[in-house]
Amino acid sequence: MNKSDLKRNYWMLDGRFARKGYDWWWHNFTAVNEKTGKERAFFIEYFTCNPALGGDQPVCGQLPANREQGKKPSYLMVKCGWWGENPTQLHRFYAWKDVEIGQDSNGYFVKAPEASACETRITGNVNVSESDAAAHPEWMCNSGSMNWDITVDKKVAFNVGYGAGSLFRKLKAFEMYWHAEGMKSLYSGSITANGEKYIITNERSFGYADKNWGADFTSPWVWLSSCDLVSRKTGKRLEDSVFDIGGGRPKVFGVALNRKLLSDFWYEGKSYEFNFSKFWTLCRTKFDCKETEDKIIWYVRQETTKAIMETQVECDKSKMLLVNYESPDGAKRHNRLWNGGTGTGTIKLCKKHCFGKPELLDEIEAGHIGCEWGEYC
């Protein structure tokens, strides 16, 4: 449902999550090269891990000496980069002594040297030389540079319901939580990437903002989202629409459930939600994700008592990243987690009636799809 809840966007690493937990704010959008006019899809993330274990230096869990001593990771990691030609991910790590995180009447905030984030603005500067990237594999990134100053205007939220509500947050019931405060967001500002300037404008940004937090990640890991949608029924762009699909195999109180996804299609001002936690809707999901020689392909079919949504997406592997994260316990289990922002696909949305066949509301062409697929290996 399109229900904003800034409290779900607060920083969540208290209690046992302070010593074994992660929390991140994610953004992706499209910008245009100032000189060439060519589009490029970018992502920016503020990733926090194990604040109670922090010290005067960031602790990277993949450093061999830390692994031998059993030291868990502890830092703020500013992650940024781009998809498309020469896809790149860059990381900058901060010690907890240099970081301020909290919330005020305007929502969450993150402050660090040359980096900040809140509900309405993100800034940062990351520069990794080739020699440093080669000398520090524990940084888990490429070489390059990127700096940004961007305004965020979140228009449509995906609130997954009571599963991420205050009680279940307090109980730390789930191993991984999700909230998309801005599944449709407008971005404006500028980025300089490897010396080239890019301009971000609201109408062409096709932006997305969410957050995840918990004690570990999910496997399999599925994510698909886009607000670049055109109706095949009318031929017109859907200006007040966005879809968002995410999940894999959730764990509740340490017990793994069957493969499940959460999704919402906000279609021209109306929500069509497919949420397994809302059992009274009789939500049923089938999904298949596969890797071919040159593509990642997703197929998702979801059905409730009121609607059916069938989604097919593909993305060229040459334009994607094998995105890197380490878990709060120091293990790196996702080693083939494909992540992209240039996917394309189609969505069929049907409305069900008490009698008769489902009614096809629309068949939609989607571009600029944010997409992710991976399993532990």
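The text that follows walks through the structure, step by step, so that each part is easy to find. (Residues numbered from 1 in each chain as written. Predicted model: local features only at pLDDT ≥ 70, side-chain atom pairs only at ≥ 80, totals over all residues. Heavy atoms only, no water.)

1. A look at the packing of aromatic side chains
Here's step 1: All chains considered together, the criterion is met by 31 aromatic pairs.
Here's step 2: On the numbers, 6.0 Å between centres and 10 degrees between planes, the contact of W24 with W221 is stacked. Remark: W221 occurs in strand β13 (residues 221-226) and W24 occurs in strand β1 (residues 22-33); sequence separation between them is 197 residues.
Here's step 3: The exposure class of W24 is buried, given its relative accessible area of 3%.
Here's step 4: On the accessibility criterion, W221 (5% relative accessible area) is buried.
Here's step 5: Counting every residue linked through ring pairs, the aromatic cluster contains Y22, W24, F47, Y75, F93, F217, W221 and Y325.
Here's step 6: Above the plane of the ring of Y325 lies K79, whose end atom (NZ or CZ) is 4.6 Å from the centre.
Here's step 7: Directly above the aromatic system of F17 lies the positively charged group of K172, at a separation of 5.2 Å from the ring centroid. (Phe/Tyr/Trp six-rings, centres within 6.5 Å; stacked < 30°, edge-to-face > 60°. Helix = DSSP H or I, 4+ residues; strand = E, 2+ residues; numbered from the N terminus. Buried < 20%, exposed > 50% of the residue type's maximum accessible area, 1.4 Å probe, protein only. Lys NZ or Arg CZ within 6 Å of the ring centre and 35° of its normal.)

2. Looking at the nonpolar core
Here's step 1: Ranked by internal contacts, the top residues of the largest apolar core, which has 41 residues, are W24, W26, F47, M183 and Y325.
Here's step 2: Counting residues per element, the ones that place at least two in this core are β1, β2 (39-49), β3 (75-83), β9 (144-158), β10 (176-193), β12 (207-214), β13 and β18 (260-267).
Here's step 3: When near neighbours in sequence (up to four residues on either side) are disregarded, F47 contacts Y22, D23, W24, Y75, L76, M77, F217, Y325 and E326.
Here's step 4: Membership of the second largest hydrophobic core comes to 35 residues, among which are I44, I122, V126 and I150. (Core = buried A, V, L, I, M, F, W, Y, C linked by side-chain atoms within 4.5 Å. Contact = heavy atoms within 4.5 Å.)

3. What about the pairing of strand β21 (residues 295-303)?
Here's step 1: Sheet topology note: the strand β20 (residues 284-291)/β21 ladder contains eight bridges and is antiparallel. Bridging from a neighbouring strand, E291 pairs with I296 of β21.
Here's step 2: The loop that links β20 with its antiparallel partner β21 comprises three residues.
Here's step 3: Hairpin remark: β21 followed by strand β22 (residues 307-316), antiparallel, with three residues in the connecting loop. (Pairing = 2+ DSSP bridges.)

4. Thoughts on a nonpolar patch on the surface
Here's step 1: On the surface, a nonpolar cluster with roughly 390 Å² of combined accessible area is contributed by Y162, F279 and W280.
Here's step 2: With respect to the helices, strands and loops of the structure, Y162 is situated in the loop between β9 and α3 (166-171). (Patch = residues over 30% accessible without salt bridge, like charges linked within 9 Å, V, L, I, M, F, W, Y side chains within 5 Å. Areas by Shrake-Rupley, 256 points an atom, 1.4 Å probe, with all protein chains shown as cover. Salt bridge = Lys/Arg side-chain N within 4 Å of Asp/Glu carboxyl O.)

5. Observations regarding unusual backbone geometry
Here's step 1: That bond from S219 to P220 is cis: its omega, 0 degrees, falls within 30 degrees of zero.
Here's step 2: Residue position: P220 is located in the loop between β12 and β13.
Here's step 3: Positive phi, normally seen in glycine, also occurs at F206, with a value near 45 degrees.
Here's step 4: Positionally, F206 belongs in the loop between α4 (202-205) and β12.

6. Some details on the pairing of β3
Here's step 1: Among the nine residues in β3, nine count as buried, and that is most of the element.
Here's step 2: The two faces of β3 match: Y75, M77, K79, G81 and W83 on one face and L76, V78, C80 and W82 on the other face are all buried.
Here's step 3: Here β2 runs beside β3; their pairing, made up of nine bridges, is antiparallel. By the bridge assignment for β3, I44 is matched with C80.
Here's step 4: Strand direction decides the pairing type here: β3 and strand β4 (residues 88-94), joined by seven bridges, are antiparallel. If you follow W82 over to β4, its bridge partner there is T88.
Here's step 5: Hairpin remark: β3 followed by β4, antiparallel, with four residues in the connecting loop; positive phi at G84, about 105 degrees.

7. Here we look at the environment of G102
Here's step 1: In this structure, G102 sits in strand β5 (residues 100-104).
Here's step 2: Taking C-alpha positions, G102 is 21 Å from A157, a pair spaced 55 residues apart along the chain.
Here's step 3: Each residue touching G102, except ones within four places of it in the same chain, is listed here: G107, Y108 and F109.

8. Concerning the environment of I296
Here's step 1: Checked against the element boundaries, I296 lands in strand β21.
Here's step 2: On the basis of relative accessible area, I296 is assigned to the buried category, the value being 0%.
Here's step 3: Counting along the chain gives 20 residues from I296 to D316, while the straight-line C-alpha distance between them is 6.6 Å.
Here's step 4: Setting aside its immediate chain neighbours within four residues, I296 contacts K290, E291, V313, E314, C315, K317, M320, W338 and W373.

9. Notes on the pattern of salt bridges
Here's step 1: Under the defined criterion, the tally for this structure stands at 24 salt bridges.
Here's step 2: Close ionic contact of R204 with E39 constitutes a salt bridge, the shortest N to O distance being 3.3 Å. Taken together, the residues R204 in helix α4 and E39 in strand β2 connect sequence positions 165 residues apart.
Here's step 3: Among the salt bridges present, the one from R301 reaches E303, with a minimum N-O distance of 2.9 Å.
Here's step 4: Judged by relative accessible area, R301 falls into the partly exposed class, the value being 27%.

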